[in-house]
Amino acid sequence: MSVRDYLRERFFPHMWCPGCGHGTVLNALLRAVEKLGLDKSEIVMVSGIGCSARISGYVDFHTMHTIHGRALAFATGIKMSRPELSVLVPMGDGDALAIGGNHFLHAARRNIDLTAIIMNNRIYGMTGGQFSPLTGYGCFGTTAPYGSVDHSFDLVELSTSAGASFVARSTTYHVIELAGIIEKAIAHRGFSVVEVMSQCPTNFGRRNQAGSAVEMLETYRKQTVPLDSEAAQTSPEKIRRGVFVEKKRPEYTEAYEEMIRSATGES
Amino acid sequence: MSRQIEFVQGNVACAKAALYAGLEFFAGYPITPSSEIAEYMAKRLPQNGGKFLQMEDEIASICAIIGASLTGRKVMTATSGPGFSLMQEALGYAVMTEIPCVIANVQRGGPSTGLPTHVSQGDVNQARYGTHGEHAIVALTASTAQDIFTLTVDAFNFAETYRTPVILLLDETTGHLRERLEVPAADGIATVGRLKTTVSQGVDYHPYLPREDGRLPMSDFGGAHRYNVTGLFHDMWGFPTENPKIVYGLIRHLVDKIDHNADQMARWKEYYIDDAPTLLVSYGAAARSALHLVENRRKRGEKLGLLELQTLWPFPHELVREKCCHAQSIVVVEMNMGQVLQQVKLAVRQPEKAFLANRIDGELITPTDIQNIIHVIQGKGV
């Protein structure tokens, strides 16, 4: 099956701005799904609100576009009801970590088998460029005209300490790497987090002298290093990419089925 | 077969009825005075192969049940005022996406943290108007464990029939009061299953194209048909649209499917109303005191009557108008500042004859309270 077969072409053209990284994430995601050989009917995509959330409209899976910040809570209900389905949850940085921060922590704590893909563009794009929990100290947004005094989460550390059993980071520059990471994340049994640094030239780049989309991609190339590389040792100021956590922990739906067997006296 | 008689709290009657109606999935968050419902589900649902989830908050709870409902399960959550406030946005999502679910709100004193362990009926208007945007809603209430059982089954039936969230507005007194419950035989009360599409796999399924009778057959999410669900205004495919004609059509559909079926959803009880110059209108725990007073006064020859409402939304205006047409004064007995009184005044021919007998201090309104107010209305003083 070609990647094109996973798209709902009647929904195009998409609504993302020229130069937006989210289309690249969609591309990598579909290549990962294709590589895994998943049937379209085995995949549920649940999204919240924001530019990132619109990804669910473009794919020919079972798709649910929900309310801001709550995608993981809806996805938890779906996964608990139908554990055999692969449930993908694309979110933005504001969606996942500000309004949805609590659900994110608890989904990770439960280690429920959902694949959370956080498209981190460091800004609220759809509403016009307000600062997010990942904008960063000193960076600008329409609601941070003098530079943000808020510090960012480190999403990798946050996910790890909350209990996610698969944690990775990549960027829209490293497309092949990204597709491979998403493939691993979907295949992983447990709560998987993939942070994708995804450029927003319109609302982050413009206000932060980050340049065009191409220049922002170039920055991803220069400012990030593979986790296990020598550069990661010699340049600790650079952002590390790769799979940070991949471990076995009891998965929530499986633990629940075990509990049902115990409650019904089957085990 | 022997009858199944139990001595249970109203909350437990509600939980038992939910299982009777076919509940398979419950998600909730602890809150007084509703927690017994979650505790019952935590024990019973896994034994039945169902799922109970304790989520991180009430928002997550309602979102989880909406997700599970879409996959084909009968679902429920239970909460009280503060949690019900948190659920309002997702409640609107269930209205917009037409996903069946039941939300029990065991009311306590409010606003805010209020009176966690005391009775109130302050959420009647919140049930109707709490979520933003024009919409219609179904809200049911009851005054005894037996009626809570029946109305809970009705709640699931209405949710499935009309593809809507249904709110069960219980209250602290009826929720915690222990009394007799006769559990109906398995086929004692009809239960409505999910209306599923007959469109076979591979054939175009329109998730939001109503049939001629206005009903929308569902396809279990994750099953034969892949489709989109969104809280945005959407077309028959479930795709977002801003087309004014489609927007108008959808909002009319959401309102009309409830309002046009108000008669089918009207539930009430009536006591001695035909010859009563003074008619009480009440519901929930307040109706117990109202009924007690009516029966006591009847023994002394005083002609009091009671109309006990069980369907609060869609408000049965025509029913109330008809039942009140011979009364010289109508006394609405409730534990708020007149939320149902407002509707009764809209319903009756002479709204100036409708009065409020209320109590808002967290204590159950008593027959004496009501009697005193009736005396004042009749010009007899306290």
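Structure shown above.
Because the structure is a prediction, the values reported are computed rather than measured.

What counts and what doesn't
- Residues numbered from 1 in each chain as written.
- Chains lettered and ligands numbered in written order.
- Predicted model: local features only at pLDDT ≥ 70, side-chain atom pairs only at ≥ 80, totals over all residues.
- Heavy atoms only, no water.
- Helix = DSSP H or I, 4+ residues; strand = E, 2+ residues; numbered from the N terminus.
- Rg over C-alpha atoms; globule rule 2.2 N^0.38 Å.
- Buried < 20%, exposed > 50% of the residue type's maximum accessible area, 1.4 Å probe, protein only.
- Contact = heavy atoms within 4.5 Å.
- Areas by Shrake-Rupley, 256 points an atom, 1.4 Å probe, with all protein chains shown as cover.
- Lys, Arg positive; Asp, Glu negative; His and termini not counted.
- Charge placed at Lys NZ, Arg CZ, Asp CG, Glu CD.
- Salt bridge = Lys/Arg side-chain N within 4 Å of Asp/Glu carboxyl O.
- Axes fitted to C-alpha atoms, helices over the stretch in contact; angles between N-to-C directions.
- Parallel < 35°, antiparallel > 145°, perpendicular 65-115°, else oblique.
- Left-handed = near helix turned anticlockwise from the far one by under 90°.
- Buried area = accessible area lost by both parts, 1.4 Å probe.
- Polar contact = N/O pair within 3.5 Å; in protein donor to acceptor, adjacent residues only side chain to side chain.
- Core = buried A, V, L, I, M, F, W, Y, C linked by side-chain atoms within 4.5 Å.
- Domains from an automatic or database assignment.

A. Representation of the overall build of chain A in the model. Regarding its fold elements, chain A presents 11 helices and 10 strands. For chain A, whose C-alpha radius of gyration is 18 Å, the value lies close to the compact-globule estimate of 18 Å for 267 residues. Counting only C-alpha atoms, chain A reaches 65 × 45 × 35 Å along its principal axes. Each of the 267 residues in chain A was classed as buried or not, and the buried ones make up 57%. A separation of at least 24 residues holds for 68% of the contacts in chain A among residues at least 6 apart in sequence. When the accessible surface of chain A is summed, it comes to about 10,700 Å², and 54% of that surface belongs to carbon and sulfur atoms. Of the charged side chains in chain A, 27 are positive and 27 negative, and the gap between their average positions amounts to 4 Å.

B. Layout of the pattern of salt bridges. Residue and element names in this part refer to chain B. Tallied over the entire structure, the rule returns 35 salt bridges over all chains. The residue Glu160 makes a salt bridge to Arg194 at a minimum N-O spacing of 2.9 Å. One end of the pair, Glu160, is in helix H7 (residues 145–162); the other, Arg194, is in the loop between strand E8 (178–183) and strand E9 (228–230), with 34 residues separating them in the sequence. Residue Glu160 is classed as buried on the basis of its relative accessible area of 5%. Classification of Arg194 by relative accessible area gives buried; the value is 15%.

C. Geometry of the packing of helix H1 (residues 22–36) of chain A against helix H7 (residues 175–187) of chain A. Residue and element names in this part refer to chain A. Taken N-terminus to C-terminus, the directions of H1 and H7 make an angle of 55°; their axes are 8 Å apart at the nearest point. Our classification of the angle between H1 and H7 gives oblique. Seen from above, H1 lies across H7 with right-handed handedness. For the pair formed by H1 and H7, the contact residues are Thr24, Val25, Ala28, Leu29, Arg31, Ala32, Val33, Lys35 and Leu36 on the first element and Val175, Leu178, Ala179, Ile182, Glu183, Ile186 and Ala187 on the second.

D. How the structure looks around the interface of chain A and chain B. The interface is formed by 40 residues belonging to chain A together with 40 residues belonging to chain B. Surface buried jointly by chain A and chain B totals about 3,400 Å² across both partners, of which 60% is contributed by carbon and sulfur atoms. On the surface where chain A and chain B come into contact, there are 3 salt bridges. For A:Asp60, the salt bridge is made with B:Arg226, and the minimal N-O distance between the two is 3.0 Å. Summed over the shared surface of chain A and chain B, the result is 19 residue pairs in polar contact (both at pLDDT 80 or more).

E. Layout of the nonpolar core. Membership of the largest hydrophobic core comes to 139 residues, with the highest contact counts inside it found for A:Met64, A:Phe191, B:Met41 and B:Met76. For this core, the element with the most residues is H7(B), which contributes 10 residues. Domain assignment of the residues forming this core places at least three in each of domain 1 (1–265) and domain 2 (270–377) of chain B. Those residues in contact with A:Phe191 that lie beyond four places of it in its chain are A:Leu72, A:Phe104, A:Ala107, A:Ala108, A:Asn111, A:Ile112, A:Asp113, A:Leu114, A:Ala116, A:Ala164, A:Ser165 and A:Phe166.

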